[in-house]
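Observations on chain architecture
So the chains spell out like this:
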Amino acid sequence: MPGPGNVGERVRNLRLTRRLSQAQLAGHDLSDSYISLIESGKRTPTPTVLRMLAERLGCTPEYLAEGVEPEQRAHLEVRERHAHLALLAGDPRGAASVFEDVIKRSDDPDLTARAREGQAHALERLGRVEDAIALFEELREQAERDPGRTSWLPPVIALARCYHAVGDLGQAIALGERTLARLDELGLARGHERIEVGRMLLLAYVDRSDFGRAHALGRRLLAAEEAGRSGDGDTLSVCYQQASVRALDQNAIGDSLYFADQALAARGEGTRPRALARLDLAAAKALLRGVPAFSAETPVQEDMPLGASPSAAEEALRLLQGAEDLEGAEVTERTVETARALVILGQPAQAISRLEEFLETGMALAAPTEDGVSGLGPPPGTDLVARTHKVAQARLVLARARVAQHDPQAALVVLRAAATQLGELPANRGTARLLHELGELFQIAGDTNAATTAYRQALEAVGLRAARPHTAPCDVGV
């Protein structure tokens, strides 16, 4: 733990512990009145005086100055790195616990900032997105106050992703567009940052039904991806280095240092495969929700019919087949979206086979993990909520496949199971989208009452209420 108080308090506490008077601590080099001024906080000792006092008090100058011994700080730095490794290994709960401990014990601003960023990412992984947003906002404010120390890009990219996750499309799009503009300003057309913010912005445009911007952005992202696949790590490293030089020319030291670090990390490695796979997944989801094929140069028309075209579905299927480096819940998304593409392409039997295998043996039957870390895990049921959302989504696609097979009764059985699950989900934009699709499918399968209920629930999930029937107090005639 850091030593209590300030320099003066630590000097006084150690002096009393060693049973020394102020005159004894002062010795022949200092005066006891000077020691009194230091202990009262009215004087700040110079480095030379700190070394003299530390020697007489049996501690290190670092402890007197900062309250932490070098060995303690090194231990905390190691723990912070291990927490990042735990996060990468898929243990956000364990990582969150260690990050929190490091934050409590550290008095090093840089170490604390790194631990807070790690804590924010861990909370995001645990489904505590609102808590993660609060931390990322603090990190963004800190970076904007001190641009010579840190880059605001990482927290802003994370914030855009988190705001999209909670359904705040306005904030997500504003932050995403601001980030892309900054990357363009620095001439960085490739790299993990562009892929991450680009895929989020692509999905946010689709959620806002802005298919024109989604189409234009998707074309640019996929073209850059092809360049990334054909290039090597040294080429990407040079791109980062050039961005670092441009940032330095603008006196944006934090950005310059960040891109210099990225240049070193990219040397010989190239773009991370998982980043490219996540972009492919996002592009496929956009195509399956009405964005025209990215290979088509024709701009999107306002009166275009909604729904994916066969050409878009074929392109989505190719992207999904290449997205082999996904992990966790994104593997499930790939399964569901692949089935959706197969239905559009007139292959419902293959889609049904994939989805039934998932529903029988996949994540649907896995028990939620227990959280043994008090105060650090997700709210009760968070794991189950995420799982229920994915399973309901899979059932909707399965029902769509049954409808494509001209079997509305089988579709209704699946839809009723999905309706029960959707009734257990919290009200938000993601739930509303699924409820709207449920209503559409109920209507196609012939159950208009269930369709009306689903549409009403979709409105309520985003805070709207349908008008209640009103009986006139008297006969108003015609």
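Remember, predicted model here, so these are calculated numbers, not experimental data.

1. A few points about the overall build of the chain
- In terms of helices and strands, the chain carries 23 helices and zero strands.
- Looking at the 478 residues of the chain, the share that counts as buried comes to 45%.
- By sequence separation, contacts in the chain at least 24 residues apart represent 64% of the contacts at least 6 residues apart.
- Counting only carbon and sulfur atoms, one obtains 51% of the accessible surface of the chain, whose full area is about 24,100 Å².

2. Some remarks on the confidence of the model for the chain
- Mean pLDDT over the chain: 85, with 85% of residues reaching 70 or higher.
- Across the chain, the secondary-structure element scoring lowest on mean pLDDT is helix α5 (residues 61–66), at 80, and the one scoring highest is helix α11 (residues 169–185), at 96.
- A low-confidence stretch, residues 363–382 stays under pLDDT 50, and its non-local contacts, those more than four residues away or across chains, total 39 contacts.
- Across residues 468–478, confidence stays below pLDDT 50; counting only partners more than four residues off in sequence or on other chains, it has zero contacts.

3. Considering the nonpolar core
- F136, F259, F294, L415 and L438 are the most contacted members of the largest nonpolar core, which has 104 residues in total.
- Per-element accounting of this core gives the leading share, nine residues, to helix α16 (residues 273–287).
- What F294 contacts, discounting residues up to four positions off in sequence, is L202, A214, H215, G218, R219, L222, A283, A286, L287 and E315.
- By size, the runner-up hydrophobic cluster in this structure holds 16 residues, among which are V7, I35, L53 and L64.

4. Description of the side chain of T179
- Looking at the element boundaries, T179 is found in helix α11.
- Not counting chain neighbours up to four residues away, the residues in contact with T179 comprise W152, L153, V156, I157 and V197.

5. Here's the deal with the packing of helix α1 (residues 7–17) against helix α4 (residues 47–57)
- Contact pair α1 / α4: the axes reach a minimum separation of 10 Å and the direction vectors enclose 25 degrees. In terms of orientation, α1 lies roughly parallel with respect to α4. Crossing geometry of α1 relative to α4 is assigned as left-handed. Counted together, V7, V11, L14 and R15 of α1 and L50, L53 and L57 of α4 form the full contact between these two elements.
- Here the residues of the contact of α1 with α4 are counted per class, giving six nonpolar, no polar and one charged.

6. Quick look at the pattern of salt bridges
- As enumerated under the stated definition, the model contains 34 salt bridges in all.
- Residue E337 pairs with R289 through a salt bridge whose shortest N-O separation is 3.1 Å. Linking E337 in helix α18 (residues 329–344) with R289 in the loop between α16 and α17 (310–322), this pair joins segments that are 48 residues apart in sequence.
- For E337, a relative accessible area of 1% gives the class buried.
- On the basis of relative accessible area, R289 is assigned to the partly exposed category, the value being 28%.

7. So, α18
- Taking 1.5 Å per residue as the helical rise, α18 with its 16 residues ought to reach 22 Å, and the 23 Å between its terminal C-alpha atoms agrees with that figure.
- Along α18, the residues that are buried comprise E330, T332, E333, V336, E337, T338, A339, R340, A341, L342 and V343.
- Where α18 ends, the next residue or the one after it, G346, has phi of about 80 degrees, a positive value.

Rules used in this analysis
Residues numbered from 1 in each chain as written. Predicted model: local features only at pLDDT ≥ 70, side-chain atom pairs only at ≥ 80, totals over all residues. Heavy atoms only, no water. Helix = DSSP H or I, 4+ residues; strand = E, 2+ residues; numbered from the N terminus. Buried < 20%, exposed > 50% of the residue type's maximum accessible area, 1.4 Å probe, protein only. Contact = heavy atoms within 4.5 Å. Areas by Shrake-Rupley, 256 points an atom, 1.4 Å probe, with all protein chains shown as cover. pLDDT = per-residue confidence, 0-100. Core = buried A, V, L, I, M, F, W, Y, C linked by side-chain atoms within 4.5 Å. Axes fitted to C-alpha atoms, helices over the stretch in contact; angles between N-to-C directions. Parallel < 35°, antiparallel > 145°, perpendicular 65-115°, else oblique. Left-handed = near helix turned anticlockwise from the far one by under 90°. Nonpolar A, V, L, I, M, F, W, Y, C, P; charged D, E, K, R; others polar. Salt bridge = Lys/Arg side-chain N within 4 Å of Asp/Glu carboxyl O. Expected span 1.5 Å × (residues − 1).

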